[in-house]
Amino acid sequence: MAVTLGYCTLNEVKAALRLSDSIDDTLIENSIEGASRRIDGYCGRFFYKTAATAIRLFAYDSYRLPVNDISSTTGLIVKLDNDGDGTYEDTLVLNTDYITEPTDTAILGRPIRTISMIGGATFPISTLPAIPLVQVTAEWGFAAVPDDVREAAVLLSIRQFARFNAALGVMAFADMAITVRAVDPDVRDLLLPYKILGVA
């Protein structure tokens with residue numbers, strides 16, 4: 001099995017485990033998949049890039065539209081349905097009608113999180129019955145897996161792989177028994193800057 005949308009590679013985990021054989025490759029790949037999806041759940045977002053997909057959104061503010069992570073402005077299309085008929089006939093122009101924020105995403109390697117109107121343009125606000133009047137087509141997610149997330153995925157994959165040798169979730173070391181906890185503190189610290197507020 002090959003790793004799909006994993007945040008680290010089989011070779012990275014094997015190097016961290018100091019393994020050179022391929023006996024446990026399938027178990028390690030499964031661990032990488034599980035660790036990557038666990039990171040998604042913990043952070044409330046994903047760190048891979050999707051193909052361009054159109055999403056219909058509600059605007060609750062005339063000037064600012066919070067969005068899920070957008071990897072870049074490449075392929076970004078913002079359209080409005082100003083009359084509520086279900087057709088998004090008004091296509092906005094980047095840097096004329098709107099800008100994306102934060103404005104330093106290329107430097108920080110962080111995704112776009114907000115679309116803000118400029119030049120007097122406004123988002124249409126839906127009244128009851130509520131209709132999504134904004135359509136955003138974008139490559140959703142992160143352009144590349146951040147280094148901290150990759151490192152967290154390696155650590156979580158190692159932990160998950162070690163569970164196969166841990167009876168009832170307890171790993172014994174010499175005369176001590178260490179219970180495998182829900183969130184490794186090192187993993188938590190690596191992922192904390194990427195965790196969306198309000199995600200349990």
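For clarity, every value in this text was computed on a predicted model and none was experimentally measured.

Trainee: Please clarify how the overall build of the protein chain should be interpreted in this entry.
Mentor: When helices and strands are tallied, the protein chain shows 5 helices and 9 strands. What you see in the protein chain, going N to C, is helices and strands ordered as α-α-β-β-β-β-β-α-β-β-α-β-β-α. In the protein chain, buried positions account for 36% of the 200 residues. Here the contacts in the protein chain between residues at least 6 apart in sequence split such that 72% fall between residues at least 24 apart.

Trainee: For this particular structure, what's the right way to read the pairing of strand β7 (residues 134-141)?
Mentor: Every other side chain in a regular strand lies on the same face of the sheet, so the side chains alternate between the two faces. Among the 8 residues in β7, 8 count as buried, and that is most of the element. Relative to β7, strand β1 (residues 49-57) runs antiparallel, the two sharing 7 bridges. In the sheet register, arginine 56 faces β7, and the bridge partner there is glutamine 135. Where strand β3 (residues 77-80) and β7 come together, 4 bridges link them in antiparallel fashion. What sits directly across from valine 78, in β7, is valine 136.

Trainee: What is the right way to look at the nonpolar core in this model?
Mentor: Side chains that are nonpolar tend, in soluble globular proteins, to be buried together. In terms of nonpolar packing, the biggest core is built from 21 residues, with Ile39, Cys43, Phe47, Val149 and Leu191 touching the most fellow members. Among the secondary structure elements, those contributing two or more residues to this core are α1 (10-17), α2 (25-43), α4 (147-162) and α5 (185-191). Look past the residues within four positions of valine 149 in its chain and what remains in contact with it is Tyr7, Ile39, Phe47, Leu191 and Tyr194. Leu57, Met117, Ala121 and Val134 belong to the second largest nonpolar core, which has 19 residues in total.

Trainee: Hey, could you run me through the packing of aromatic side chains in this one?
Mentor: Aromatic rings in a pair are described by how distant their centres are and how their planes are angled relative to each other. Enumeration over the complete set of coordinates arrives at 7 aromatic pairs. Judged by centre distance (4.8 Å) and plane angle (50 degrees), the ring pair of phenylalanine 47 and phenylalanine 142 falls under tilted. In this pair, phenylalanine 47 sits in the loop between α2 and β1 while phenylalanine 142 sits in the loop between β7 and α4, placing the two residues 95 residues apart along the sequence. Residue class for phenylalanine 47 comes out buried when judged on its relative accessible area of 0%.

Trainee: Can you walk me through the confidence of the model for the protein chain in this structure?
Mentor: Detailed conclusions should not be drawn from predicted coordinates in areas where pLDDT is low. With 90% of its residues at a pLDDT of at least 70, the protein chain reaches an overall mean of 88. Within the protein chain, no element has a lower average pLDDT than strand β9 (residues 176-179), which sits at 41, and none a higher one than β3, at 97. Below a pLDDT of 50 lies the segment residues 172-181, which in the model reaches 16 contacts outside its immediate sequence neighbourhood of four places, other chains included.

The rules behind each value
- Residues numbered from 1 in each chain as written.
- Predicted model: local features only at pLDDT ≥ 70, side-chain atom pairs only at ≥ 80, totals over all residues.
- Heavy atoms only, no water.
- Helix = DSSP H or I, 4+ residues; strand = E, 2+ residues; numbered from the N terminus.
- Buried < 20%, exposed > 50% of the residue type's maximum accessible area, 1.4 Å probe, protein only.
- Contact = heavy atoms within 4.5 Å.
- Pairing = 2+ DSSP bridges.
- Core = buried A, V, L, I, M, F, W, Y, C linked by side-chain atoms within 4.5 Å.
- Phe/Tyr/Trp six-rings, centres within 6.5 Å; stacked < 30°, edge-to-face > 60°.
- pLDDT = per-residue confidence, 0-100.

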